[in-house]
Amino acid sequence: MRPAAGRRTLLVLTLAFAIAGALWGTWLARLQLTGAASSLDRIEALALDLRFRLAGPRPAPDDVVIVAVDEATIRAVGSYPLSRGVLADIVARISAAGPRVLALDFLFLEDSRSGADRALADALAEATAVIGAAAVFDSGDDAPPPEAAGGTAVDLGIGPIPRATTVTWPAGIFLGRARPGLVNVSVDAGGTPRHVPLLVAADGGVAPGFVLVVAAAALAAEPRFGADSVTLGAVRQPLDLGHHLPLTYYGPEGTIATISAERVLAGDPEALAALAGRTVVLGTTALGSGDRFATPFDADVPGVEVLATAIGNLVTGTGLVRDEGVRRIDAATTIAMPAVIVVLMAVASPALGLALAGVLAAAWLAGVVVAFDAGLWLSIALPLAAAVPTAVAYGIARYLFEHRLNARLGETRAALARMQSPLLADRLDDPDFLAEPSACEAAVLFLDLSGFTGLSERLGPAETRAFLKGFHEAVGRVATAHDGLIVAFMGDGAMIVYGFPERRGDEAERALTSVRELAAALATFIAAAAPGAAMTVRFGLHYGPVVVSRLGAAAHQHITATGDTVNVASRLLEIAKANRAQVAAAETVFAALPTERQAGGAAGFGPPSAVAVRGRAGTVAVRFATAVPAELPA
């Protein structure tokens, strides 16, 4: 596969995964926009609990107080559940303390027509009181989650609300003395209350939630509902689907100011003074005596504190914000994040791409935590569910693609390497290699076979090709062993440069050593490949400055060396033949040897002679060797 084709294929792969990730995110975003339940809800609940714990407890509203029927109260009264007569006494004492509103987390479902009932009803009438009612739903849940309202058709002009099958109202004697409200809460799969429904459709009408009635009484305001909010006086609280209030927990049990009902019964002045002008929620906190729930801060919290928390959220407008706008942000993030991560993984190396994706995910998580501190409930589970599988799948696909591409490139590189010297193998994939010519000092060796023309005539084309292949293999082994760059094979000849691509300083020695070894190796080859053939090898060797560069047309180039040194080395082959010598080596070769090696290097060669070179002014000092000397520098 060509690099350009590989890039195009990677681009197509990236686009395909980016689009697939966005489509996967779109399907998941539908869950968030419609509120459809999924297994991701458990993950989101855990992530939300973690955010609560990271943020830590926060101050509860000062004007919400719990009067608790606790263990001390039960001990003082001597029985549980408390009789309505005792409750009447508690209510009367609280009412006398002057609370803004008194909310009772009790279900007074039966009317015994007893004096205690009448006393309790009268006590409720003296206070601004709210009492509990309970809705029953088809699902069997205490209250449906926000998404359950999606199928409800209630013509309120503000959107759907959950529908109950029935509502259990307080007994008639109490209904005329206090306002009722539904005490239902909506819990997640782990049993933690996350929402409180403010409106429920039932019995042909709409029943308000307990916390809504209490908050409206506390703020002395009629609730005004929008499509995803409720306004009480100057306080506006965004709401979730189905007009559910998302809960902001203040801390563990006891974070909301709590006074024992035993102190109220005892007439404790300090306790009663703490109730004046406040919203008082009366309920049971004794262990094993009422409904209890797990919350982000505590594994066991009484239901009255959950209701008090919701009331505090509503009267201060500090409930979590997960309205339509927040859900749209979640949906957009869920759609965009997989595509963005795929692009990040594509624009860099896989490792760097994963690091960039990790940075993006970390920045997004940090943003979610910061948003939570500002009261926004952004989803963690949904974007992760969209991004992680997409990133993993793309990472695997890209790894397999690049593995295959690298294998193909390796094969291509190996094929290209066979067309160039091994010295250039590591540079073939560098587009800048020899973009500019390189000047250097080098030894240039030309060699050719004498008698080859007659041999090729006798052998024919096929056997001639086989002979030349063996010849070239023998030359290649020797040249490569001494880091000689074979610039070209020219039929029965070759051009070898010593000193490029790296200059070591011993170029002349390596060239002379190659001449000795080539003569021996080629003599052995000729004897085996063409027995009896009258063939010899001639060498022309020069040392001096050369320029190595890429020559040829823009679309078809080859690497070669040029300069006077190259021209003279080529002509030395003719000069060797004219002087009946096997080797003609310019004196510059021997002068380039270390001083202590010059005498040994010239052994077997005659003295330098001034020789005229065809087409060149002046002469060149040349030494000749009739046969390749046995002792040349190793």
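Below you will find a few notes about this structure. (Residues numbered from 1 in each chain as written. Predicted model: local features only at pLDDT ≥ 70, side-chain atom pairs only at ≥ 80, totals over all residues. Heavy atoms only, no water.)

1. Overview of the overall build of the protein chain
Turning to step 1, where the next piece is worked out: Secondary structure summary: the protein chain contains 18 helices and 25 strands in total.
Turning to step 2, where the next piece is worked out: Over its C-alpha trace the protein chain gives a radius of gyration of 47 Å, far above what one expects of a compact globule, namely 26 Å for 634 residues.
Turning to step 3, where the next piece is worked out: Summarising its shape, the C-alpha atoms of the protein chain cover approximately 145 × 50 × 40 Å along the three principal directions.
Turning to step 4, where the next piece is worked out: Every one of the 634 residues in the protein chain was classed for burial, and the buried ones make up 50%.
Turning to step 5, where the next piece is worked out: Taking the contacts inside the protein chain whose residues are at least 6 apart along the sequence as the reference set, 75% of them involve residues at least 24 apart.
Turning to step 6, where the next piece is worked out: For the protein chain, the centre of its 49 positive side-chain charges and the centre of its 60 negative side-chain charges are spaced 12 Å apart. (Helix = DSSP H or I, 4+ residues; strand = E, 2+ residues; numbered from the N terminus. Rg over C-alpha atoms; globule rule 2.2 N^0.38 Å. Buried < 20%, exposed > 50% of the residue type's maximum accessible area, 1.4 Å probe, protein only. Contact = heavy atoms within 4.5 Å. Lys, Arg positive; Asp, Glu negative; His and termini not counted. Charge placed at Lys NZ, Arg CZ, Asp CG, Glu CD.)

2. Details of the packing of helix α2 (residues 40–55) against helix α12 (residues 350–373)
Two quantities define a packed helix pair, namely the angle between the helix axes and the distance between the axes.
Turning to step 1, where the next piece is worked out: Close contact between α2 and α12 brings their axes to 10 Å; oriented N to C, the two are set at 65°. As far as their axial angle goes, α12 and α2 are roughly perpendicular. Note that α2 runs across α12; the crossing there is right-handed. Where α2 abuts α12, its residues Leu48, Arg51, Phe52 and Ala55 lie against Val368, Phe372 and Asp373.
Turning to step 2, where the next piece is worked out: Counted by class, the contact of α2 with α12 contains 5 nonpolar, no polar and 2 charged residues. (Axes fitted to C-alpha atoms, helices over the stretch in contact; angles between N-to-C directions. Parallel < 35°, antiparallel > 145°, perpendicular 65-115°, else oblique. Left-handed = near helix turned anticlockwise from the far one by under 90°. Nonpolar A, V, L, I, M, F, W, Y, C, P; charged D, E, K, R; others polar.)

3. Things to note about the nonpolar core
Turning to step 1, where the next piece is worked out: Leu198, Phe210, Val211, Ile311 and Leu314 are the most contacted members of the largest nonpolar core, which has 48 residues in total.
Turning to step 2, where the next piece is worked out: Elements supplying a minimum of two residues to this core: α2, β1 (64–69), β2 (101–104), β8 (199–202), α7 (210–219), β11 (229–232) and α10 (303–316).
Turning to step 3, where the next piece is worked out: Per element, the largest residue contribution to this core is 9 residues, and it comes from α7.
Turning to step 4, where the next piece is worked out: Once you skip the residues sitting within four places of it in the chain, Phe210 turns out to touch Ala103, Leu104, Asp105, Val130, Ile131, Gly132, Gly181, Leu182, Val183, Leu307 and Ile311. (Core = buried A, V, L, I, M, F, W, Y, C linked by side-chain atoms within 4.5 Å.)

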